[in-house]
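Structure at a glance
Here are the chains, one letter per residue:
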Amino acid sequence: GIWLYITTRARTYQAGRMSFGEFFLTLQGQKVVGDTELVGHHRFVCECTETLLGNDTVNLIGQSLHMHGTGKKMISSIYDKDTSALKHQMLADSFDYHHQANVEYDTPIQFTGGDKVIVDCFYDERNAHEAASGFFGLGTYDEMCESCVL
């Protein structure tokens, strides 16, 4: 079952989630690494944040990095829209499917529409989960590359 609570009082703070990376499934059905390779790397450059936020600024309070069975390493970087300076970077240097990287920031990070997000995912089929499909997709055994911010 499910419990649903409804209130007519507005909350003090609003929260939401934004996802970057292979979120729109542009690689769905494609192999994670080539036919003759065991390791691979995919870079996703997200320059659409102005479309999402306009010129508004939001406070990021946490982040999670998400891959599946062949994931080895993941880096999510946020760059300032005006100076191109690195504002924040999260690294999962030794990615573990069973222990996904989730953090709450000690101090919120200012994120403004127009900031650029780059997500780098590294894969190694030698360390793959035994049922990994070897393809990108939505299934549990398919591969993903997603950086989510709150």
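Residues numbered from 1 in each chain as written. Predicted model: local features only at pLDDT ≥ 70, side-chain atom pairs only at ≥ 80, totals over all residues. Heavy atoms only, no water.

So, about the sheet that holds strand β7 (residues 116-124). The antiparallel open sheet is built from four strands, whose spatial order is β2-β7-β4-β5. Each end of this open sheet is capped by a strand with a single partner; those strands are β2 (39-46) and β5 (86-92). Strand after strand, the sheet turns through a mean of 10° between neighbouring axes, direction not considered. Summarising the sheet, β2 and β7 pair through eight bridges and their orientation is antiparallel. From the neighbouring strand, H42 faces β7, where its bridge partner is C121. (Pairing = 2+ DSSP bridges. Helix = DSSP H or I, 4+ residues; strand = E, 2+ residues; numbered from the N terminus. Axes fitted to C-alpha atoms, helices over the stretch in contact; angles between N-to-C directions.)

Attention now moves to the state of the cysteines. Across all of its chains, the model carries one disulfide by this definition. Across the disulfide from C121 sits C145; the S-S distance is 1.9 Å. Around the S-S axis, the bridge from C121 to C145 shows a dihedral of about 80° and counts as right-handed. Placement of C121 in strand β7 and of C145 in strand β8 (residues 145-149) is noted, with a sequence separation of 24 residues between them. When sorted by exposure, C121 lands in the same class as C145, which is buried. For the unlinked cysteine C46, the closest cysteine sulfur is that of C48, found at 5.6 Å. (Disulfide = S-S within 2.5 Å. Buried < 20%, exposed > 50% of the residue type's maximum accessible area, 1.4 Å probe, protein only.)

Let us look at the packing of aromatic side chains. Within this structure, the stated rule accounts for two aromatic pairs. Their ring planes at 50° and their centres at 6.2 Å tell us that F20 and F111 sit as a pair that is tilted. Taken together, the residues span a long stretch of sequence, with F20 in strand β1 (residues 18-21) and F111 in strand β6 (residues 101-112) at a distance of 91 residues. The two residues F20 and F111 agree in class, both being buried. Measuring from centroid to centroid gives 5.7 Å for Y123 and F136, while their planes differ by 85°, and the two rings are edge-to-face. Of this pair, Y123 sits in strand β7 while F136 sits in the loop between β7 and β8, placing them 13 residues apart in sequence. A relative accessible area of 3% places F136 in the buried class. It is K31 that lies over the ring of F135; its NZ or CZ is 5.1 Å from the centre. Directly above the aromatic system of F122 lies the positively charged group of K73, at a separation of 5.4 Å from the ring centroid. (Phe/Tyr/Trp six-rings, centres within 6.5 Å; stacked < 30°, edge-to-face > 60°. Lys NZ or Arg CZ within 6 Å of the ring centre and 35° of its normal.)

What follows deals with the environment of L60. As for its placement among the helices and strands, L60 is situated in strand β3 (residues 57-67). Sequence separation between L60 and I109 is 49 residues, and the spatial gap between their C-alpha atoms is 5.0 Å. Residue contacts for L60: discarding those within four places in its chain leaves M18, I78, Y105, P108, I109, F111, V149 and L150. (Contact = heavy atoms within 4.5 Å.)

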